[in-house]
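Chain residues, written in single-letter form:
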Amino acid sequence: MLAKPSESCNTVEVYGNDIPGLLGEVEAAETALREAAARDTEAAHGEAAYFDAVIKADQKIEPRDWMPDSYRKTLIRQIAQHAHSEIIGMQPEGNWISRAPTLKRKAILLAKVQDEAGHGLYLYAAAETLGVSRDELVELLLAGRQKYSSIFNYPTLTWADVGAIGWLVDGAAIVNQVPLCRCSYGPYARAMIRICKEESFHQRQGFEILHTLSHGTEAQRAMAQGAVDRWWYPSLAMFGPPDADSTHSAQSMAWKIKRFSNDELRQRFVDMCVQQAGVLGLTLPDPDLRWNEERQAYDYTQPDYDELMRVIKGDGPCNRQRMAHRRRSHDEGAWVREAAAAYAKKRAADA
Ligand code: 3HC
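A few points on the structure. (Residues numbered from 1 in each chain as written. Predicted model: local features only at pLDDT ≥ 70, side-chain atom pairs only at ≥ 80, totals over all residues. Heavy atoms only, no water.)

Description of the packing of aromatic side chains
The geometry of an aromatic ring pair is captured by the separation of the ring centres together with the interplanar angle, meaning the angle of the planes.
Then, in step 1: One pass over the structure, following the stated rule, counts 9 aromatic pairs.
Then, in step 2: Seen in terms of ring centroids, W232 and F269 are 5.9 Å apart; in terms of plane orientation they differ by 20°. Their pairing is stacked. A residue pair is termed long-range when its members are at least 10 positions apart, and W232 in helix 10 (residues 218-237) and F269 in helix 12 (residues 262-280) qualify at 37 residues. Both residues of the pair, W232 and F269, count as buried.
Then, in step 3: The interplanar angle of 70° and the centroid separation of 5.1 Å between the aromatic rings of W291 and Y298 together place this pair among those described as edge-to-face.
Then, in step 4: What links up through ring pairs into an aromatic cluster is the set F51, W66, Y71 and W255. (Phe/Tyr/Trp six-rings, centres within 6.5 Å; stacked < 30°, edge-to-face > 60°. Helix = DSSP H or I, 4+ residues; strand = E, 2+ residues; numbered from the N terminus. Buried < 20%, exposed > 50% of the residue type's maximum accessible area, 1.4 Å probe, protein only.)

Written out as structure tokens, the structure is:
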């Protein structure tokens, strides 16, 4: 018999010295698991049942596997929206590269904005494994038929906004995206691992900017507080509509694309930020923010979801400006795409 689970991590303490006996039992348990999996697969007459069995077993669906059309469409929608967000998200901060206060700050911000471009590319590549090309997705964005995150439609008014974006926006992105590393679709899950590592660097650089400002002169502290006041509620809204109004959550969670609901992640983010705001010496702009002993979580004021819907539909403070800039950059980059395509064609012909 296997020993009862114990708090200890020491195998000998838990199981005594009967290691060969233990190994025998582990082997028997593994064989039983393999047999059960084989039975499941045999019982899975057809591809749909195989897909269900893979999801149930918490394994990955890979590009060549059969998948329901709606699963494919949901993934394309979410991954494309995510990729577009990374690319549009370069604009609010790119705006500050030339105005960052020191050469070091400029270099850091430049590297960060480049990372976002890289994230967009990994994500477009992940979407391409689902049978859609990057060109098609970009066309859909430019035609206004695919979305990008609401958050990037807010302006960056001061240098402290760059700090607030790093701390709050990248912080929210991490809370939302770490669970995506366990998404059921392999290429998306794997892309997210690297993205999350880089996002965590981004979050820290934002925190460090705000920490410097909040411990600087009174004017710098006020600038940091002003930025946090402006970015708090839009960051909460990034997690999407409340669960009761979320169109896709239930199905996406059943498919293990999403692991947590919008509200669960929003709550996790609030709980994380309260402590960090304390270290920064800044206040979160919510008079009703308080610890709820029963729920073991903070009560907080919800963001304005009507505003979120307006921003998603294109009527935020910077939607028009962001899309106009994206279209202009796309047009100006046409010669680069043509040159790359001509070069690839020549290489192929030479080969
Ligand atoms: N901005 C824009 N659209 C949003 C949104 C937001 N903050 N939140 C929700 N929506 C849209 C959904 O896309 C959906 O629209 P659709 O039906 O027309 O496609 C609708 O509102 C209903 O919302 P749901 O809750 O039903 O949608 P989802 O189940 O897809 O959940 C999500 C929304 C939590 C954003 C989810 O799609 C997700 O986790 N996406 C991956 C992460 C992502 O895209 N993050 C964007 C930010 S990227 C980033 O922050 C970059 C970093 O560098 C800072």
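Considering the side chain of H82
Then, in step 1: Along the chain, H82 falls in helix 4 (residues 69-88).
Then, in step 2: With near-sequence residues (within four places) excluded, H82 lies in contact with L123, Q177, L180, Y188 and M192. (Contact = heavy atoms within 4.5 Å.)

A few points about the pattern of salt bridges
Pairing of side chains with opposite charge becomes possible as their charged atoms draw close.
Then, in step 1: Scanning the entire structure with this criterion turns up 13 salt bridges.
Then, in step 2: The residue D58 makes a salt bridge to R259 at a minimum N-O spacing of 2.8 Å. Taken together, the residues D58 in the loop between helix 3 (47-56) and helix 4 and R259 in the loop between helix 11 (249-254) and helix 12 connect sequence positions 201 residues apart.
Then, in step 3: Residues participating in the shared-partner salt-bridge network are E93, K112 and D170. (Salt bridge = Lys/Arg side-chain N within 4 Å of Asp/Glu carboxyl O.)

Quick look at the site of the ligand
Then, in step 1: For the ligand, the set of nearby residues contains 32 residues, the closest of which are E116, K147, S246, H248 and K258.
Then, in step 2: For the ligand, a nitrogen atom lies 2.9 Å from a polar atom in the backbone of S150.
Then, in step 3: Contacts to the ligand include S246, whose side-chain N or O atom sits 2.7 Å from an oxygen atom.
Then, in step 4: When the free accessible area of the ligand is taken as 1,000 Å², the share hidden by the protein chains comes to 92%.
Then, in step 5: Among the elements of the structure, helix 4, helix 8 (159-177) and helix 9 (186-214) are those that each provide at least two residues to the shell around the ligand.
Then, in step 6: For the shell around the ligand, the element with the highest residue contribution is helix 4, accounting for 6 residues.
Then, in step 7: Class assignment of the residues belonging to the shell around the ligand gives a composition of 11 nonpolar, 14 polar and 7 charged. (Near = heavy atom within 4 Å. Polar contact = N/O pair within 3.5 Å; in protein donor to acceptor, adjacent residues only side chain to side chain. Areas by Shrake-Rupley, 256 points an atom, 1.4 Å probe, with all protein chains shown as cover. Nonpolar A, V, L, I, M, F, W, Y, C, P; charged D, E, K, R; others polar.)

Some points on the environment of K56
Then, in step 1: Tracing the chain through its elements places K56 in helix 3.
Then, in step 2: A relative accessible area of 68% places K56 in the exposed class.
Then, in step 3: Linking K56 and K256, residues 200 residues apart in sequence, is a C-alpha distance of 9.0 Å.

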